[in-house]
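# Breakdown of the fold
Chain residues, written in single-letter form:
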Amino acid sequence: MNKGFTLIELLVVVLIIGILSAVALPQYTTAVEKARSAEALTLMSAVAGSAERYLLQKDVWPTDFAKLDVEVPEVKGKTGVYGGKNFAITMGASGNQFFITAVRDLNDGKYSLQTVLEEKDNGTISSVRRCCAGAATAGTCGTNFTEKQEKFCNAVSNGKPTDF
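Anyway, here's the lowdown on the structure attached to this text. (Residues numbered from 1 in each chain as written. Predicted model: local features only at pLDDT ≥ 70, side-chain atom pairs only at ≥ 80, totals over all residues. Heavy atoms only, no water.)

Our focus in this paragraph is the packing of helix α1 (residues 7–58) against helix α2 (residues 147–157). Close contact between α1 and α2 brings their axes to 9 Å; oriented N to C, the two are set at 60 degrees. With respect to their mutual orientation, α1 and α2 come out oblique. In terms of crossing hand, the pair formed by α1 and α2 is right-handed. Of the residues in α2, those touching α1 at P26, T29, T30, E33, K34, S37 and L41 are K151, F152, A155 and V156. In terms of residue class, the contact of α1 with α2 is made up of 5 nonpolar, 3 polar and 3 charged. (Axes fitted to C-alpha atoms, helices over the stretch in contact; angles between N-to-C directions. Helix = DSSP H or I, 4+ residues; strand = E, 2+ residues; numbered from the N terminus. Parallel < 35°, antiparallel > 145°, perpendicular 65-115°, else oblique. Left-handed = near helix turned anticlockwise from the far one by under 90°. Contact = heavy atoms within 4.5 Å. Nonpolar A, V, L, I, M, F, W, Y, C, P; charged D, E, K, R; others polar.)

Right under this line is the structure:
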């Protein structure tokens, strides 16, 4: 009695493994990018809360990270660049709006996560989050996504690439 596997059985197993990995790899990369963006969104939420407190105290939006009551880390090896391991974060104000932008540099371009705070006439503050193609700036949000940018923005924003 011969023990072992036939060549056909081994080929079937290799084929099944190949099909499973072809299906799983794109899902894996999307899940990893979503986890990386969670780091930026958490830091952006902390900055937004601190900016609101600063506005309430000084009646003006903050102009740099040093004025905030939260610590925003500098990117290792890049003086004056703030953010985390995967995103560079900037902030700025224009009139009654305050912008926090986290830019992710991919191999084939950039995409940005942006939080916009707006002080209304009645003193309330509203906020909107956006996912933008390219490096967003205050008031602008690119919408010409590459396939990869759109895939990641859809994953981060649960299918709503511009505002979420």
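Looking now at the pairing of strand β3 (residues 97–106). Among the 10 residues in β3, 8 count as buried, and that is most of the element. Counted along the chain from strand β2 (residues 88–94) to the antiparallel partner β3, the turn is 2 residues long, and its residue G95 has a positive phi close to 65 degrees. Pairing of β3 with strand β4 (residues 109–119), which is carried by 10 bridges, proceeds in the antiparallel orientation. The residue bridging V103 from the neighbouring strand is S112, located in β4. Connecting β3 to the antiparallel partner β4 that follows it, the hairpin turn spans 2 residues. (Buried < 20%, exposed > 50% of the residue type's maximum accessible area, 1.4 Å probe, protein only. Pairing = 2+ DSSP bridges.)

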